[in-house]
Amino acid sequence: MSRTVTIIDNATGKKIECPVLSGTNGPDVVDASAIYRELGMFALDPGFLSTASCRSSITFLDGEAGILRHRGYPIEQLAEHSNYLEVCYLLLYGTLPTSNQMTDFQNQIRERSVVHEHLLRFYSGYLYDAHPMSIMVGVTGALSSYYHEALDINDPDDRDLTARRVIAKMPILAANCYKHSMGHPFAYAWPELGYMENFLKMMFTRPHLPYETIPLACKALEKLLILHADHEQNASTSTVRLAGSAEANPFACISAGCVTLWGRAHGGANEAVVRMLNDIQHPRHIPKFIERAKNKSDPFRLMGFGHRVYKNYDPRAAIIRKACHELLNELQGINQPLLDIAMRLEEIALQDEYFVERKLYPNVDFYSGIILQALGIPTSMFTVIFALGRSAGWIAHWLEMVADPDFRIGRPRQLYIGSEKRSYVPIEQRDGPARKKRS
Ligand code: SDX
């Protein structure tokens, strides 16, 4: 007998059976479609705390156990043994590539590692001190004005080409945000360099100075992008899915993902963490900030702490914390004061009842900014780096959704709490008792 959940409306005695569906891992789900169909009611779940929006086979995470897997592979193993482009392939196609598949994928990405010259003109429309994410939102959206020869979302080849275009062009768009802010000339990808080397060289090379790839920087950034590549149905991925469900231009959907990611509660937190650590200035000031974070009348929150899903240590934060130590040891203490404050802050917070009882742990954003700053990446570029990493997840979810036989437009409902029906009142009758006109 198939498992169901029974819902009884005790006002009418009406009883419905909602099927229970099981996945590979994680909680079962209740198919709630019968609630409206048979009871004429909606299910209300602000913030979607207990709502599954779709079926997906890309990422599994268990917030209580601190587990994160992409296509079944634990994030710890991918961070240790893989590279970002291989993780992109895994997210897009569901399997780790053979060496031939990887070579072909690398070549395809390399062939597309360029943008239309006209698109580069978009940057000049931004002030030099525009926030780089405001530029990213614009230029990723601008991609939607190109490639119209291959945007049939019902054509698997067009979908695949679009995905490879996103992976190939995001590093260029991201690096140019930095170049624009510095007033430096844009650089073009080098065919002989790998994906990560190209990105860093496009960021930091200057025509009149020698440039040398720093393997340590490539390795650290590779790990960071792997850790940011995907994270189930987070806010920005859900935005990409919802925009894509309306059959919107996929590049415009990526721009929508950038918009959501930029929020401080989401991907904008990595930038906010470093600003917070700089504001703290010294470990002796930590208690004051902890008290502010606990004070409900103070809007200040401990940035980089807490998570909607992880009620345990974010496995990515643990990996980044370790990478932080390794990198800063190699770089002879650059950023060490910031790391010292972060570690002391973590230590104090994790002993404080307020954080313990709410299961607030460091998340992926808590340590990532320290690494990025040590690599010479300015704070304002941190969320751009997050967007670069996450673009693989965004486009992988877009591909999965558009190819889903149940593909349909997403359209949530609501609990209406506004006015009852009322009639229009002409404006001359709205100003209360008519004031006697002065004679
Ligand atoms: C990312 O979804 C994803 O997967 C996101 C992400 C990804 O990879 O895509 O993992 C990336 O966005 C990580 C999160 C980065 N954001 C921050 O670090 C900003 C600081 N964190 C908080 O804003 C908050 O923790 C959220 C937004 C991350 C989670 O918000 P929730 O789930 O709505 O948490 P909540 O408001 O229900 O918190 C429960 C309690 C509340 O207190 P009470 O009402 O129970 O008294 O914990 C408190 C909150 O006030 N709380 C915090 C806090 N986070 C939660 N108090 C102080 N400092 C914090 N950081």
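Nothing here was measured: the structure is a model prediction, and the numbers come from that model.

Chemist: Talk me through the packing of aromatic side chains; I want residue IDs and the actual numbers.
Modeler: Under the criterion given, the structure shown has 15 aromatic pairs. Measuring from centroid to centroid gives 5.7 Å for Tyr84 and Tyr195, while their planes differ by 40°, and the two rings are tilted. A residue pair is termed long-range when its members are at least 10 positions apart, and Tyr84 in helix 3 (residues 84-93) and Tyr195 in helix 8 (residues 195-204) qualify at 111 residues. Residue Tyr84 shares its accessibility class with Tyr195, and that shared class is buried. The interplanar angle of 55° and the centroid separation of 6.4 Å between the aromatic rings of Tyr313 and Tyr361 together place this pair among those described as tilted. Remark: Tyr361 occurs in the loop between helix 16 (353-357) and helix 17 (364-374) and Tyr313 occurs in the loop between helix 13 (286-294) and helix 14 (315-330); sequence separation between them is 48 residues. Taking the relative accessible area as the measure of exposure, Tyr361 reaches 27% and is therefore partly exposed. An aromatic cluster of three or more residues is present, and its members are Phe305, Tyr354, Phe355, Phe366 and Tyr367. One Lys or Arg, Lys201, reaches over the ring of Trp190 and ends 4.2 Å from the middle of that ring.

Chemist: Mind laying out the sheet that holds strand 4 (residues 59-62), listing which residues take part and the relevant values?
Modeler: Here we have 3 strands laid out as an open sheet, ordered 4-5-6, and antiparallel in their pairing. Both outer strands of the open sheet, strand 4 and strand 6 (73-74), are each paired with one neighbouring strand and no more. As paired elements, strand 5 (residues 67-70) and strand 6 share 2 bridges and run antiparallel to each other. When the bridges of strand 6 are listed, His70 appears paired with Tyr73.

Chemist: Go over empty space enclosed by the protein with me, naming the residues and quoting the values.
Modeler: In total, this model carries 1 cavity of 30 Å³ or more according to the counting rule given. Here the largest cavity defines a volume of roughly 30 Å³. Along the walls of the largest cavity sit Leu224, His228, Asn270, Ser368, Leu372, Phe382, Ile385 and Phe386, which together make up its complete lining. Those elements that provide at least two residues to the lining of the largest cavity are helix 9 (215-228), helix 17 and helix 18 (382-403). Looking at the lining of the largest cavity, the element that brings in the most residues is helix 18, giving 3 residues. Grouping the constituent residues of the lining of the largest cavity by class yields 5 nonpolar, 3 polar and no charged.

Chemist: Lay out the pattern of salt bridges in plain terms, naming residues and giving numbers.
Modeler: Where charged atoms from two side chains of opposite charge approach closely, those side chains can pair. Applying the stated rule across the entire model yields 16 salt bridges. Residues Arg37 and Glu38 are paired through a salt bridge, measuring 3.7 Å at the closest nitrogen-oxygen approach. Since its relative accessible area comes to 58%, Arg37 is described here as exposed. With a shortest N-O distance of 3.9 Å, Asp104 and Arg164 are connected by a salt bridge. In this pair, Asp104 is assigned in helix 4 (residues 99-111) and Arg164 in helix 7 (residues 156-182), connecting sequence segments 60 residues apart. Looking at Arg164, the relative accessible area reads 9%, which means it is buried.

Chemist: Which residues make up the site of the ligand, and what are the values?
Modeler: Inspection of the region around the ligand gives 24 residues, with His231, His307, Arg308, Arg316 and Arg390 positioned closest. His307 is positioned such that a nitrogen or oxygen atom in its side chain is 2.6 Å from an oxygen atom of the ligand. In this structure, an oxygen atom belonging to the ligand sits 3.1 Å away from a side-chain N or O atom of Arg358. When the free accessible area of the ligand is taken as 1100 Å², the share hidden by the protein chains comes to 78%. Residues that form the shell around the ligand fall into these classes: 9 nonpolar, 7 polar and 8 charged.

Chemist: Account for unusual backbone geometry, with residues named and values stated.
Modeler: One non-glycine residue, Arg71, lies in positive phi territory at about 50°. If you trace the backbone, Arg71 turns up in the loop between strand 5 and strand 6. Unlike most non-glycine residues, Lys359 shows phi in positive territory, near 55°. Secondary-structure assignment places Lys359 in the loop between helix 16 and helix 17.

Chemist: Report on the packing of helix 14 against helix 15 (residues 336-349), specifying residues and quantitative values.
Modeler: Each pair of packed helices can be summarised by the angle the axes make with each other and by the distance between the axes. It is at 11 Å that the axes of helix 14 and helix 15 come closest, and there the two elements cross at 150°. The angle between helix 14 and helix 15 falls in the class roughly antiparallel. Between helix 14 and helix 15 lies a crossing of left-handed hand. Only Gln336, Leu339, Met343 and Glu346 of helix 15 make contact with helix 14, whose side of the interface consists of Arg321, Cys324, His325 and Leu328.

Chemist: Summarise the layout of surface pockets; cite the residues concerned and give the values.
Modeler: By volume, the second largest pocket is sized at about 330 Å³. Taken together, 24 residues form the lining of the second largest pocket, with Leu85, Leu193, Gly194, Tyr195 and Asn198 sitting closest to its centre. Listed by contribution, the elements that provide at least two residues to the lining of the second largest pocket are helix 3, helix 4, helix 7, helix 8 and helix 9. With 6 residues, the single largest contributor to the lining of the second largest pocket is helix 8.

Chemist: Provide a residue-level description of helix 8, including the pertinent values.
Modeler: Judged by how many residues are buried, helix 8 sits mostly within the fold: 8 of 10 residues are covered. Of all the positions in helix 8, only Tyr195, Met196, Asn198, Phe199, Leu200, Lys201, Met202 and Met203 are classed as buried. At its buried positions, helix 8 is contacted by helix 3, helix 4, helix 7, helix 9 and helix 18.

Cut-offs and rules
Residues numbered from 1 in each chain as written. Predicted model: local features only at pLDDT ≥ 70, side-chain atom pairs only at ≥ 80, totals over all residues. Heavy atoms only, no water. Phe/Tyr/Trp six-rings, centres within 6.5 Å; stacked < 30°, edge-to-face > 60°. Helix = DSSP H or I, 4+ residues; strand = E, 2+ residues; numbered from the N terminus. Buried < 20%, exposed > 50% of the residue type's maximum accessible area, 1.4 Å probe, protein only. Lys NZ or Arg CZ within 6 Å of the ring centre and 35° of its normal. Pairing = 2+ DSSP bridges. 1 Å grid on protein atoms, 1.4 Å probe; cavity = no way out; pocket = protein on both sides within 12 Å on 5 of 7 lines; lining within 4 Å. Points joined across faces, edges and corners; volume = space filled by probe spheres on them. Nonpolar A, V, L, I, M, F, W, Y, C, P; charged D, E, K, R; others polar. Salt bridge = Lys/Arg side-chain N within 4 Å of Asp/Glu carboxyl O. Near = heavy atom within 4 Å. Polar contact = N/O pair within 3.5 Å; in protein donor to acceptor, adjacent residues only side chain to side chain. Areas by Shrake-Rupley, 256 points an atom, 1.4 Å probe, with all protein chains shown as cover. Axes fitted to C-alpha atoms, helices over the stretch in contact; angles between N-to-C directions. Parallel < 35°, antiparallel > 145°, perpendicular 65-115°, else oblique. Left-handed = near helix turned anticlockwise from the far one by under 90°. Contact = heavy atoms within 4.5 Å.

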